[in-house]
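# Tertiary structure, described
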Amino acid sequence: MDLLQLEHFLAVAQEGSFTRAAERVCRTQPAVSQSVKKLEEAVGVPLFARDMPELTLTEAGRTLVGYAKHMLKLRDDAMRQICELHSLSTGHLTIGAYESAAVYLLPGPLRRYFSHFPRIKVGIHRRPLDEIPRQVMDREIDIGFVKDETPFHGLKSVMVHADEMICIASPRHPLTTRSRVQVTDLATEPFVVHHLCSTTEQKILRLFEAHGIRCNIAAELWSFENVKHFVQQDIGMAIVPRVTVLQELSTGALIDVPVEGLDISRRTLMVFRERGYVSDCAQQFIDMVKQFDWEEWLPSPIAAPRRGAEKPVGRLQPVPHRRRSGG
């Protein structure tokens, strides 16, 4: 018997369904069924009556429910007490994020976090977007940063940053002198794309297809830093999240080319456990990100977004400007 088996058993008992329980604990239904089966083998008796039209607890199952709740509460209380004992003078915070969130958004709140808790060790791991919610659910990471809300029970998603995709070119490109560019004007232009950011790449390709043209891909690269460097070297244009090029836009190293019909928004959501134990060091970072003022930290000048965007929580303002990791 282990605590994960008890957690799965309790989820099935409370949800009344292996399918709903699997969704709640972010596992497949066969995996939860196997976990409960191993628990039944460990205790030596059936915990559910499977010969009934509806899933029903046996007498042994009803008895175990109370103990399972107590044991899982003891686990959460012990972890909380240990963290409180250190009073945040030591500890670990593990974050999973996609590239642009990890590289361009997190340094700001992390700088403030370290000024308050200098002895906390933080690990930031680039993870495939579709794996981040499960890893938060399984406590492999404390906090995740994703692009879409998670459907899993027990996780909370909070939007912390709103962005948009923009078309960029080097200052020497002839299209930078125009006040407005049509998508069809880009038909013969070479483009540099981020091939690991599959969802966004597909949106860009569909934008071109909707205007009856194909995107002329000159190079496929593996990071936005590479993409920016290639654009600066006049190898091609690119469509990137505005937050990734704020510094270059502010210095004039890159130019925002205003393309009519380019309307691709990007959200960054913070995902964390809503139920059960959340470490104090993780909770402090969650609260700090919710209140972080991006306008104060991100490079300026920052013009208002050309398109409407959902407003993030707290003081955050919209910033204008799968197995793949995502950008």
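First things first, this report covers the structure right here in the doc. Owing to the predicted nature of the structure, the values given are computational and were not obtained by experimental measurement.

Right, let's talk about the overall build of the chain for a bit. Scanning the chain from N- to C-terminus turns up twelve helices and 13 strands. When each of the 327 residues of the chain is scored for burial, the buried share is 48%. When the accessible surface of the chain is summed, it comes to about 15900 Å², and 50% of that surface belongs to carbon and sulfur atoms.

Judged by nonpolar contacts, the single largest core of 55 residues is most densely connected at Leu93, Tyr113, Ile143, Phe145, Ile168, Met270 and Phe285. The leading source of residues in this core is strand S6 (residues 155-169), at seven residues. Apart from the residues within four sequence positions on either side, Ile168 is in contact with Val231, Met237, Ala238, Val240, Val245, Leu254 and Ile255. With 19 residues, the next largest nonpolar core counts Ala169, Met237, Val257 and Leu262 among its residues.

Among the five residues of strand S8 (residues 190-194), four are classified as buried, and the element is accordingly described as predominantly covered. One ladder, built from five bridges, connects S8 with strand S9 (residues 216-221); its direction is parallel. Paired with His194 across the two strands is Leu221, which belongs to S9. Handedness of the crossover joining S8 and S9 through helix H8 (residues 198-210): right-handed.

The next subject is the pattern of salt bridges. Tallying each qualifying case throughout the model produces 18 salt bridges. Salt-bridge contacts for Arg24 lead to Glu15; the nearest nitrogen and oxygen are separated by 3.3 Å. Judged by relative accessible area, Arg24 falls into the buried class, the value being 16%. Overall, Glu15 belongs to the partly exposed group, its relative accessible area being 21%. Its salt-bridge partner being Arg139, residue Asp76 comes within 3.8 Å of it at the nearest N-O pair. Pair noted here: Asp76 is in helix H4 (residues 59-86) and Arg139 is in the loop between helix H7 (132-137) and strand S5 (143-146), with a separation of 63 residues, a long-range link. The class of Asp76 is buried, set by a relative accessible area of 12%. Taken together, the salt bridges that share partners define one network made up of Glu7, Arg75, Asp76, Arg139 and Arg273.

Quick notes on the rules
Residues numbered from 1 in each chain as written. Predicted model: local features only at pLDDT ≥ 70, side-chain atom pairs only at ≥ 80, totals over all residues. Heavy atoms only, no water. Helix = DSSP H or I, 4+ residues; strand = E, 2+ residues; numbered from the N terminus. Buried < 20%, exposed > 50% of the residue type's maximum accessible area, 1.4 Å probe, protein only. Areas by Shrake-Rupley, 256 points an atom, 1.4 Å probe, with all protein chains shown as cover. Core = buried A, V, L, I, M, F, W, Y, C linked by side-chain atoms within 4.5 Å. Contact = heavy atoms within 4.5 Å. Pairing = 2+ DSSP bridges. Right-handed = clockwise from strand over helix to strand, strands pointing away. Salt bridge = Lys/Arg side-chain N within 4 Å of Asp/Glu carboxyl O.

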